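Now for the letters of each chain:
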Amino acid sequence: MKEEGWYEEADEKVIMEVIAWQLSQAMEKKRISKYTMATRLKTSRTQVNRILNAKSDVTLSSLQRAATLIDRRLKIELV
C-alpha cells in the first residue's frame, strides 16, 4: 500500500473527514446553519458544502476562515 502511494492518499482523506466532522459538530453546537456560515464567510452555501464534504478539495485558507468563525483554529504540523 505504501509503495503505491495509497497510504498517503488514505491518510489525507481521513484527516479531511475529521476536520469536516469537527467543523460540522462545532457549527451544530453553536447553532450556526450552513446559510449563516456562508454569509459570515462571504461565500456561497455551495462552498460551505464543499468545506464540510471531506471528498472535496478545499484550500487551507477556507478551512482557517471557517474555523475562526466557530472560535476554533486550524493547526497543521509536519511530523
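Everything quoted here is computed from the prediction, not taken from an experiment.

Cut-offs used in this document
- Residues numbered from 1 in each chain as written.
- Predicted model: local features only at pLDDT ≥ 70, side-chain atom pairs only at ≥ 80, totals over all residues.
- Heavy atoms only, no water.
- Salt bridge = Lys/Arg side-chain N within 4 Å of Asp/Glu carboxyl O.
- Helix = DSSP H or I, 4+ residues; strand = E, 2+ residues; numbered from the N terminus.
- Buried < 20%, exposed > 50% of the residue type's maximum accessible area, 1.4 Å probe, protein only.
- Axes fitted to C-alpha atoms, helices over the stretch in contact; angles between N-to-C directions.
- Parallel < 35°, antiparallel > 145°, perpendicular 65-115°, else oblique.
- Left-handed = near helix turned anticlockwise from the far one by under 90°.
- Contact = heavy atoms within 4.5 Å.
- Nonpolar A, V, L, I, M, F, W, Y, C, P; charged D, E, K, R; others polar.

Undergrad: Help me get a handle on the pattern of salt bridges, residues and values and all.
TA: Scanning the entire structure with this criterion turns up one salt bridge. A salt bridge links Asp-71 to Lys-30; its shortest N-O distance comes to 3.0 Å. Taken as a pair, Asp-71 in the segment after helix H4 (60-69) and Lys-30 in the loop between helix H1 (6-29) and helix H2 (34-41) lie far apart in primary sequence, 41 residues in all. Taking relative accessible area as the criterion, Asp-71 reaches 60% and is therefore assigned exposed. With relative accessibility at 40%, the residue Lys-30 sits in the partly exposed group.

Undergrad: Explain the packing of H2 against H4 to me, and be specific about the residues and the numbers.
TA: Think of two packed helices as two axes; the pair is described by the angle between the axes and how far apart they sit. The geometry of H2 relative to H4 is characterised by a closest axis approach of 10 Å and an angle of 110° between their N-to-C directions. Here H4 runs roughly perpendicular to H2, going by the angle between their axes. Like other packed secondary-structure pairs, H2 and H4 cross with a definite hand, here right-handed. Taking contact as the criterion, the partners of Met-37, Arg-40 and Leu-41 in H2 are, on H4, Arg-65, Ala-66 and Leu-69. Tallied by class, residues from the contact of H2 with H4 come to four nonpolar, no polar and two charged.

Coordinates in, geometry out; function isn't part of it.
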